[in-house]
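The primary structure of each chain is shown beneath.
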Amino acid sequence: MRVTDTSDLWWKTAVVYCLDVETYMDWNGDGCGDLEGLAHRLDYLAELGVTCIWLMPFYPSPDRDDGYDITDYYGVDARLGHHGDLVEVIRTAKDRGMRVIADLVVNHTSDQHPWFVSARSSRESPFRDFYVWADEPPAKQPEPVFPDQEDSLWEYDKKTKQYYLHNFYKHQPDLNVANPRVREEIAKVIGFWMELGISGFRVDAVPFFIEQPGFEGPHDYLRSLRSYIGRRSGEGVLLGEVNLPYEDQLKYFGGLDADDELTMQFDFVGMQQIYLSLAREDATPLADTLAARPALPEVAQWANFLRNHDELTLDKLTEDERQEVFDAFAPEERMQVYGRGIVRRLPPMLHGDPRRIRMAYSLLFSLPGTPVLFYGEEIGMGENLDLPGRTSVRSPMQWTSGANGGFSKADPEDLVAPVTGDGFAPSHVNASQQRHDEGSLLNFIRLLIQCYRNSPEIGWGRFTVLEQPDRAVLAHQIENGQGRLVALHNFAPEPATVRLELEDVEPGTVVTSLLDADEYTWPEEGPFEQPLDGYGYRWLRVIRPGDQRLT
Ligand code: NOJ
């Protein structure tokens, strides 16, 4: 597909910020974050440069999987507020230039969802076929996603004497997407939230959702969802969670030519290679992976991230590589989970080293694609290892150095989750102090976002890895008709020298360093050389004649 009007494709150059309302800002003092609290923090997000807020599940839920176990797809969890509060958030965000997308969790419901309550009451229930039942579980089963909690994907229902499928926890029965009535219900849910002003969805667990026993044409279904969304709203986006190798991910975009399934997908493979490169202080694993990452059709986009709300999964690395990353960043058993992941945030993994942390974020924002931040990353929050498993990174947002990090006025024991302690406690890490400190991480991230938003080639351009003599250095170039950005990142603590040989750059061309406004001239002869500090980074705009952008 050739796109002529690029301005419609907002997701190609967006800055996505993921948050859980529950842990973001408590306005009524009950210890649980709420939509009103979020509304009061929208200016903070706009000031940071965020253009799209991804709301983690806010629906009614028994909360056994942090809201990913839903009992009413049309509701708002009463602890967070009501529909009116949500609409206020969406409207105010729009006013500040930010869109809102929501988690769409339709692989499964909670076992307390009225559909499942009815389905399991009798084999004759009108909702029985909303779920997947079998007399016997298959002899061969994949390993459960949460192997510490589950030992099978099938749970026996005593009353109706059949097993039901649950790819995740047993309290999350899988919906039967092969049933047209289920597909109809899903469409209505999507339509409902879009009418309220939601600009699209982060689609949970896509392969589990569409690839079901007996369901023919899963990709036809995904295609039909995409076109349905497009009919309802031209700006509707589907950002899919598809943790698969690149060649399989391509199918979820609809292939190279069609471009008609998911609009965006997280780059899980690239993310894992970033950590391997960080652990080895060697950029080659990431450089090789990025060079092999499929170039996407024009409308589609990669969503790049360093951390999310789940474990930092290392499932796509070899066992030895995974061990290397564990040794470097999660040496204690309590820092690991499921034998494949890490339950820490980035700054503690990098021992709080500001140079290295900044290098990692500079890399994130310079990678071809759309960056996604998890709340608190912009201020360098740490994890709370006293909290179990994946929840260690879901502690309350740290706004001030005061009680409860300014998250809530409730008694600390009434908080929805305890605030992080130790070196990453609110007294050391909070948004308020960092807003007033020019040299803070928050202001650095703001600068990165500003440079990213001023460099649309990052979202749109052709990407090339530029070979370097020093293995520690990743040099990459992204260019489109309007501009060329060259980004340099040194993964090692030792200084390095970068050599750039770009045949199509004229001698005398001006090169501007975007993060610090230094200016250079491309030499008459020989390569363009740049020194990089240990863990150094640079964004260089190679100015074309006629380029009138602000630097
Ligand atoms: C993926 C979500 O990211 C995760 O947090 C959740 O536990 C599973 N889906 C199951 O809903």
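Note that the structure is predicted; figures quoted are calculated from it, not measured.

> Explain the overall build of the protein chain here, please?
The secondary structure content of the protein chain amounts to 17 helices and 22 strands. Whereas a compact globule of 551 residues would reach a radius of gyration of roughly 24 Å, the protein chain reaches 24 Å, a difference of no more than 12%. Here the protein chain, with 551 residues, has 62% of them falling under the buried criterion. Of all intrachain contacts in the protein chain linking residues separated by at least 6 positions in sequence, the fraction that spans at least 24 positions is 68%. Summing over all exposed atoms, the protein chain offers an accessible surface of approximately 21,700 Å²; the carbon and sulfur share of this is 47%.

> Honestly, unusual backbone geometry in this entry has me stumped. Any pointers?
Negative phi is the rule for most residues except glycine; trans is the rule for most peptide bonds. The phi angle at lysine 161 is positive, at roughly 55°, despite the residue not being glycine. Along the chain, the position of lysine 161 falls in the loop between strand E5 (154-157) and strand E6 (162-165). Backbone geometry at glutamate 281 places phi at a positive 55°, although glycine is not the residue there. In this structure, glutamate 281 sits in the loop between helix H10 (268-280) and helix H11 (284-292).

> Sorry if this is basic, but what is going on with empty space enclosed by the protein here?
Over the atoms, a rolling probe the size of a water molecule traces out where space has been left empty. One pass over the structure, following the stated rule, counts five cavities of 30 Å³ or more. Of the voids in this model, the largest cavity is the one considered here, and its volume is about 70 Å³. Along the walls of the largest cavity sit Asp20, Glu22, Pro57, Phe58, Tyr59, Ser61, Asp63, Asp66, Gly67, Asp77, Arg79 and Leu80, which together make up its complete lining. Here the residues of the lining of the largest cavity are counted per class, giving four nonpolar, two polar and six charged.

> What is the right way to look at the site of the ligand in this model?
Close to the ligand lie 13 residues; Asp65, Asp204, His309, Asp310 and Arg390 are nearest. Contact distances for the ligand include 2.8 Å between an oxygen atom and a side-chain N or O atom of aspartate 65. One nitrogen or oxygen atom from the side chain of aspartate 310 is found 2.5 Å from an oxygen atom belonging to the ligand. Considered on its own, the ligand offers 290 Å² of accessible surface; in the complex 98% of this is hidden by protein. Of the pockets mapped on this structure, the ligand occupies the largest pocket.

> What should I look at first to understand the domain arrangement of the protein chain in this one?
Bring the parts together and some accessible area is lost; that lost area is often taken as the interface size. Looking at the assigned domains, one finds that the protein chain contains domain 1 (10-107 + 177-452), domain 2 (114-165) and domain 3 (461-543). Each partner contributes residues to the interface: domain 1 has twelve residues there, and domain 2 has twelve residues. Between domain 1 and domain 2 lies a buried interface of about 1,000 Å² when both sides are counted; carbon and sulfur atoms form 67% of it. In this assembly, domain 1 and domain 2 are joined by zero salt bridges. Remark: the boundary between domain 1 and domain 2 carries three residue pairs in polar contact (both at pLDDT 80 or more). Of the residues forming the side of domain 1 that touches domain 2, the biggest block, three residues, is contributed by helix H5 (residues 180-195). The class makeup of the residues in the side of domain 1 that touches domain 2 is five nonpolar, three polar and four charged.

> Help me understand the environment of glutamate 494 in this model?
Note that glutamate 494 resides in the loop between strand E17 (483-490) and strand E18 (496-500). When the C-alpha atoms of glutamate 494 and glycine 536 are compared, they prove to be 9.2 Å apart, with 42 residues separating the residues in sequence. Dropping the residues within four chain positions of it, glutamate 494 is found in contact with Asp533 and Gly534.

> In this structure, what is going on with the packing of aromatic side chains? I would like to understand it.
Note on aromatic pairs: each is described by the distance of the centres and the angle between the planes. Tallying each qualifying case throughout the model produces 36 aromatic pairs. An angle of 40° between the planes, with centres 5.6 Å apart, marks the rings of tryptophan 54 and phenylalanine 266 as tilted. Here phenylalanine 266 lies in strand E9 (residues 264-266) and tryptophan 54 lies in strand E2 (residues 52-55), a separation of 212 residues in the sequence. Ring centres of phenylalanine 116 and tyrosine 164 lie 4.9 Å apart, and the angle between their planes is 70°; this geometry places the pair in the edge-to-face category. Remark: tyrosine 164 occurs in strand E6 and phenylalanine 116 occurs in helix H4 (residues 114-119); sequence separation between them is 48 residues. Overall, tyrosine 164 belongs to the buried group, its relative accessible area being 3%. Here the aromatic cluster, defined as three or more aromatic residues joined through ring pairs, consists of Tyr17, Tyr24, Tyr44, Phe374, Tyr375 and Trp399.

> What is the right way to look at the pattern of salt bridges in this model?
Oppositely charged side chains are able to pair whenever their charged atoms sit close together. The full count for this structure, using the stated rule, is 36 salt bridges. Because the salt bridges share partners, they merge into one network encompassing Asp65, Asp66, Asp310, Arg390 and Arg394.

> What should I look at first to understand the pairing of E18 in this one?
Note on strand geometry: in a regular strand, side chains alternate between the two faces of the sheet. Taking every second residue as pointing to the same face, the buried face of E18 carries Ala496, Val498 and Leu500, while none of Thr497 and Arg499 on the other face is buried. Sheet analysis places E18 next to strand E21 (residues 528-532), joined by five bridges and oriented antiparallel. Across the sheet, leucine 500 pairs through a bridge with phenylalanine 528, a residue of E21.

> Please clarify how the layout of surface pockets should be interpreted in this entry.
The volume enclosed by the largest pocket comes to roughly 870 Å³. In terms of lining residues, the largest pocket is bounded by 37 residues, among which Val145, Phe168, Phe208, Asn243 and Arg340 are the most central. Class assignment for the residues of the lining of the largest pocket results in 17 nonpolar, eight polar and twelve charged. Counting the residues that make up the lining of the largest pocket, at least three belong to each of domain 1 (10-107 + 177-452) and domain 2 (114-165).

Cut-offs used in this document
- Residues numbered from 1 in each chain as written.
- Predicted model: local features only at pLDDT ≥ 70, side-chain atom pairs only at ≥ 80, totals over all residues.
- Heavy atoms only, no water.
- Helix = DSSP H or I, 4+ residues; strand = E, 2+ residues; numbered from the N terminus.
- Rg over C-alpha atoms; globule rule 2.2 N^0.38 Å.
- Buried < 20%, exposed > 50% of the residue type's maximum accessible area, 1.4 Å probe, protein only.
- Contact = heavy atoms within 4.5 Å.
- Areas by Shrake-Rupley, 256 points an atom, 1.4 Å probe, with all protein chains shown as cover.
- 1 Å grid on protein atoms, 1.4 Å probe; cavity = no way out; pocket = protein on both sides within 12 Å on 5 of 7 lines; lining within 4 Å.
- Points joined across faces, edges and corners; volume = space filled by probe spheres on them.
- Nonpolar A, V, L, I, M, F, W, Y, C, P; charged D, E, K, R; others polar.
- Near = heavy atom within 4 Å.
- Polar contact = N/O pair within 3.5 Å; in protein donor to acceptor, adjacent residues only side chain to side chain.
- Sits in = over half its atoms within 2 Å of the grid points.
- Domains from an automatic or database assignment.
- Buried area = accessible area lost by both parts, 1.4 Å probe.
- Salt bridge = Lys/Arg side-chain N within 4 Å of Asp/Glu carboxyl O.
- Phe/Tyr/Trp six-rings, centres within 6.5 Å; stacked < 30°, edge-to-face > 60°.
- Pairing = 2+ DSSP bridges.

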